Amino acid sequence: MDELKATIAKNLVELRNAAHLTQLQLAEKLNYSDKAVSKWERGEAIPDIRVLIKLAEIYNISVDDILTPKTVEAVKPKMHTVKKRVLITLLSVGLVWFVATFIFMIIFFISSVEKYAWMVFIVAPFASSIVLMVFSCIWGNRITNAVASSLIVWTAAVIFQVFVMKFVPEFDKMYFLYIVAGVFEILIILWFALRRLYKRKK
């Protein structure tokens, strides 16, 4: 077992250095703490099978390459995969705005609701935030999840304000809306901070 730990530790150090990643950067990709990465690289612990599979994906190698005592060739993280994911996300957000523009054009040419057509572009940022949140949950990390969550809160607040100002102009307590949004923002920050703290203790 000690020999296996030493082999894995040596390979993990070589792979990470070859990929030009810090322990913190690798930890973010794995959704673990840098302390856990450090333990693996010192041979004090062995990553579980899920982590080994994820590491193999990051370095574009097989799990056997991590477990066997051989010289690890220089590798780079699968940047093409990262770029592909970013491109898919951006295209999906772009599709939201394309649909919004299409709906705007339809509404604009209907005389009875023409004056409300511009409101489509007030809703579009909220829809974009939802799309970002979905892809962040699939491919992202804690930071992207926190940013997407914040975007959802504040774009929802803007939508509410615009609709209230348009349809209920006599409502004069709009500040209350941003107090609520601020409370949600604080909760989001605390939630992700606590999750990070928990990960560091693992």
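Residues numbered from 1 in each chain as written. Predicted model: local features only at pLDDT ≥ 70, side-chain atom pairs only at ≥ 80, totals over all residues. Heavy atoms only, no water.

1. Things to note about the environment of I88
Working step 1: Examined against the element boundaries, I88 turns out to sit in helix α6 (residues 79-108).
Working step 2: Classification of I88 as partly exposed rests on a relative accessible area of 33%.
Working step 3: The spacing of I88 and F135 is 47 residues in sequence and 9.0 Å in space, taken between C-alpha atoms.
Working step 4: Excluding anything up to four places from it in sequence, I88 contacts F135 and W139. (Helix = DSSP H or I, 4+ residues; strand = E, 2+ residues; numbered from the N terminus. Buried < 20%, exposed > 50% of the residue type's maximum accessible area, 1.4 Å probe, protein only. Contact = heavy atoms within 4.5 Å.)

2. A look at the packing of helix α7 (residues 120-139) against helix α8 (residues 142-167)
When two helices pack together, their arrangement is given by the angle between the helix axes and the distance between those axes.
Working step 1: Between α7 and α8, the shortest axis-to-axis distance is 8 Å and the interhelical angle comes to 160°. One way to sum up the angle between α7 and α8 is to call them roughly antiparallel. Both α7 and α8 take part in a crossing whose hand is left-handed. Residues I122, V123, P125, F126, S129, I130, L132, M133, S136 and C137 of α7 touch α8, and the partners they reach there are T144, N145, A148, S149, L151, I152, T155, A156, I159, V162 and F163.
Working step 2: The class makeup of the residues in the contact of α7 with α8 is 15 nonpolar, six polar and no charged. (Axes fitted to C-alpha atoms, helices over the stretch in contact; angles between N-to-C directions. Parallel < 35°, antiparallel > 145°, perpendicular 65-115°, else oblique. Left-handed = near helix turned anticlockwise from the far one by under 90°. Nonpolar A, V, L, I, M, F, W, Y, C, P; charged D, E, K, R; others polar.)

3. Points about the pattern of salt bridges
Working step 1: This structure, assessed with the given rule, holds six salt bridges.
Working step 2: With a closest N to O distance of 2.7 Å, K10 and E14 form a salt bridge. Of this pair, K10 and E14 both sit in helix α1 (residues 2-18), four residues apart, which is roughly one turn of that helix.
Working step 3: Note on E14: relative accessible area 26%, which makes it partly exposed.
Working step 4: The salt bridge partner of R42 is E44, with a shortest N-O separation of 2.8 Å. (Salt bridge = Lys/Arg side-chain N within 4 Å of Asp/Glu carboxyl O.)

4. Some points on the side chain of S129
Working step 1: Note that S129 resides in helix α7.
Working step 2: Here S129 falls in the buried class, since its relative accessible area comes to 4%.
Working step 3: Looking at S129, its side chain comes within polar contact range of the main-chain oxygen of P125, at 2.9 Å.
Working step 4: Those residues in contact with S129, other than ones at most four positions away along the chain, are L151, I152 and T155. (Polar contact = N/O pair within 3.5 Å; in protein donor to acceptor, adjacent residues only side chain to side chain.)

5. Here's the deal with unusual backbone geometry
Working step 1: Even without glycine at this site, H20 takes up a positive phi of about 60°.
Working step 2: Here H20 is to be found in the loop between α1 and α2 (23-30).

6. Looking at a nonpolar patch on the surface
Working step 1: On the surface, Y175, F176, I179, V180, V183, F184, I186, L187 and L190 cluster together into a nonpolar patch covering about 880 Å² of accessible area.
Working step 2: Here I186 is to be found in helix α9 (residues 175-201). (Patch = residues over 30% accessible without salt bridge, like charges linked within 9 Å, V, L, I, M, F, W, Y side chains within 5 Å. Areas by Shrake-Rupley, 256 points an atom, 1.4 Å probe, with all protein chains shown as cover.)

7. A look at the packing of aromatic side chains
Working step 1: Applying the stated criterion across every chain yields a total of nine aromatic pairs.
Working step 2: Aromatic side chains F108 and F109 sit 5.5 Å apart centroid to centroid with 85° between the ring planes, which places their arrangement in the edge-to-face category.
Working step 3: Using a relative accessible area of 36% as the deciding quantity, one classes F108 as partly exposed.
Working step 4: Among the aromatic residues, those joined into a ring-pair cluster are W97, F104, F108, F109 and F121. (Phe/Tyr/Trp six-rings, centres within 6.5 Å; stacked < 30°, edge-to-face > 60°.)

8. Quick look at the confidence of the model for the protein chain
Working step 1: Per-residue confidence for the protein chain gives a mean pLDDT of 87, with 92% of residues at or over 70.
Working step 2: Per-element mean pLDDT across the protein chain ranges from 85 in α9 up to 94 in α7. (pLDDT = per-residue confidence, 0-100.)

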